[in-house]
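# Observations on the three-dimensional arrangement
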Amino acid sequence: MDVGLFDFDLPEDRIALRPASPRDAARLLVVRPDAAQPFEDRGIRDLASLLQPGDALVLNDTRVIPSRLYGRRSRGEASARIEIMLHKREAPDCWRAFARPAKKLALGDSVTFGDASEGAACELGRLQAEIVAKAEGGEVELRFALSGPHLDAAIARLGELPLPPYIAGKRATDAADATDYQTMHARADGAVAAPTAGLHFTPELVAALEARGVTRHLVTLHVGAGTFLPMKADDTNDHRMHAEWGTVSPETAAALNAVRARGGRIVAVGTTSLRLLESATDANGVIAPFSGDTAIFITPGYRFRAVDLLLTNFHLPRSTLFMLVSAFCGLDVMKRAYAHAIADHYRFYSYGDGSLLHRAKQP
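Below: a short report on this structure. All values reported here derive from a predicted model rather than from experimental measurement.

## Considering the packing of helix α8 (residues 320-329) against helix α9 (residues 331-343)
In contact at an axis separation of 7 Å, α8 and α9 are set at 115° when each is read in the N-to-C sense. The handedness of the crossing between α8 and α9 comes out as right-handed. Contact residues: α8 offers F322, V325, S326 and C329, while α9 offers L331, V333, M334, K335 and Y338.

Written out as C-alpha cells, the structure is:
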C-alpha cells in the first residue's frame, strides 16, 4: 500500500509533553467501526463500564531502561563524541543500537561511556565497548567489556531515559519522567520505549476493573527504538520491521484461551501486547506459549486472530502503528477518528490521551 494513504496533519500543540495527572484522568475516544455513531467521547476512568464481565485485559510488563548513552570513540590518536541508543539485546554482553553520527564509527572501534578520568578499578565509573557489526540506517552492534547483571548496572548508572524525539526535542528529560514513563505493571527490564497505553493505569482503575469482573494478564514485549524511526519506504511492501523480543507464558496462553472459550473478549492494552498476541496465535485462534523475536507488520487486509478490542494512544502520521490501528478498524474510520480527535483537542502520542478500538467485522 502507498504509505501516503496513512498521512494526516497534526497541529504541534496537540502533542502532549506531560501525562495527565492523575494518569487515569486522560480522555478516551471509543471507536466502534460498525456502529451508526462510531465515535464516543469518554474518559479512561470509564474503561471498566465500557468492558464486560469476563473480558480479559492483556498488559505488557516490560520496563524501560536508561538506554541512551553518550560516549567517545577512540581510533588511534583520534576521537569523536558518539550518542548510542540501545534497542535490542543480542547476548549478555552485546546490544544492537542506533548510533549518531554513525559515519564516525567503523568495525573494531572502541567506545568509552562515562567518565574516562575515573580509574579502571571503578567498573561502573566508565564502560568500554567495541563495534562488532554495522548495518544500514545507523545501526551498529556493540560488545561490552561487562556482561549480564554487571552490564545492566553500568547502563543503569550511565544511561539516560529515552523519551520519544517528539517530546525530547521540546524539553529536557527530568526527574518526573523516571516515574511518568513507566507503567504501574513494569517489572521486566529491557524496553527502550514505554508501552504507552499502559501508562494510563492506576490502582483505582485496576480496582474498578476487578470489581467489574475484568481479569488482567501480563505478557512481555521489549519495545525497541525502531518504534521511533520514521518509515522511509513509499510502499508498505518495502518496509522492514525491527525485531523485538517477547514472551507469552504457558499459564497466560491457557488463561486467555479459556476466556475465549467462555465467550469473553481479549482486550490488548497497547499495540505491543496486540502484536505479541497475534504472533503467538495460530490460524484457528488458539494462543500458544511464545518466547522469541517478532517482527510482525500489520497493515490493512490483515486478519486478526486473537484480539477483539485495543486500548491504545494516538499515533504518528505515516507510522507502522497508525497502519496497525487502520487494519483493526478500517483506514477510513481511523482517519475520521483522528480528525475528530484533533478537532476536539485530544492530546496525542506517548503522554497523550487514549482510544478504545473495537475491531471491525472481518470477512
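## Structural notes on the sheet that holds strand β2 (residues 39-43)
Two orientations exist for strands paired in a sheet by backbone hydrogen bonds: parallel and antiparallel. The strand order across the open sheet formed by nine strands is β2-β1-β17-β16-β14-β3-β12-β13-β15, and the pairing between neighbours is mixed. Strands with a single pairing partner mark the edges of an open sheet, and in this sheet they are β2 and β15 (290-294). For this sheet, the mean inter-axis angle between neighbouring strands, taken without regard to orientation, is 25°. Where strand β13 (residues 244-248) lies against β15, five bridges are found, and the strand directions are antiparallel. Bridge pairing links V248 to F290 in β15.

## What about helix α5 (residues 203-212)?
Among the residues making up α5, those that are buried are L205, V206 and L209. Looking straight down α5, one finds its buried side chains confined to an arc of 100°; they lie on one side. The exposed set on the far side of α5, more than 90 degrees from its buried face, consists of P203, E204 and A211. For α5, the secondary structure elements touched by its buried residues are α1 (47-50), β3 (56-60) and β12 (215-221). Once α5 finishes, G213 follows within two positions and takes phi at roughly 90°, a positive value.

## Some points on the pairing of β13
The side-chain alternation of β13 yields one buried face, formed by E244, G246 and V248, and one unburied face, formed by W245 and T247. Bridge count for β12 against β13 is two bridges, and the pairing is antiparallel. The partner of L221 across the bridge, within β13, is G246.

## Quick notes on the pattern of salt bridges
On inspection of all chains with the given rule, the structure shows 29 salt bridges. With its nearest N and O atoms 2.8 Å apart, the salt bridge here joins D55 to R265. Of this pair, D55 sits in the loop between α1 and β3 while R265 sits in the loop between α6 (250-261) and β14 (266-269), and the two are 210 residues apart along the sequence. R265 matches D55 in its accessibility class, with the two residues each being buried. R275 is paired through a salt bridge with E244; the nearest N and O atoms lie 2.6 Å apart. One end of the pair, R275, is in helix α7 (residues 271-280); the other, E244, is in strand β13, and 31 residues separate them in sequence.

## Let's talk about the sheet that holds strand β6 (residues 78-91)
Around the barrel, six strands lie side by side as β5-β6-β7-β10-β9-β8; this closed barrel has antiparallel pairing. When the angles between neighbouring strand axes are averaged without regard to direction, this sheet yields 45°. Alignment of strand β5 (residues 68-75) against β6, held across eight bridges, turns out to be antiparallel. Of the residues in β6, the one forming a bridge with S74 is S79.

## Brief notes about the layout of surface pockets
When its volume is computed, the second largest pocket comes out at roughly 290 Å³. Forming the walls of the second largest pocket are 17 residues, and the residues nearest its centre are I65, R89, W95, D189 and G190. Taken together, the elements giving at least two residues each to the lining of the second largest pocket come down to β4 (62-64), β6, α2 (148-158), β11 (188-191) and β13. Residue classes in the lining of the second largest pocket are distributed as eight nonpolar, three polar and six charged.

Cut-offs applied
Residues numbered from 1 in each chain as written. Predicted model: local features only at pLDDT ≥ 70, side-chain atom pairs only at ≥ 80, totals over all residues. Heavy atoms only, no water. Axes fitted to C-alpha atoms, helices over the stretch in contact; angles between N-to-C directions. Helix = DSSP H or I, 4+ residues; strand = E, 2+ residues; numbered from the N terminus. Left-handed = near helix turned anticlockwise from the far one by under 90°. Contact = heavy atoms within 4.5 Å. Pairing = 2+ DSSP bridges. Buried < 20%, exposed > 50% of the residue type's maximum accessible area, 1.4 Å probe, protein only. Arc of directions from axis to C-beta. Salt bridge = Lys/Arg side-chain N within 4 Å of Asp/Glu carboxyl O. 1 Å grid on protein atoms, 1.4 Å probe; cavity = no way out; pocket = protein on both sides within 12 Å on 5 of 7 lines; lining within 4 Å. Points joined across faces, edges and corners; volume = space filled by probe spheres on them. Nonpolar A, V, L, I, M, F, W, Y, C, P; charged D, E, K, R; others polar.

Purely spatial values, then, with no claim about function.
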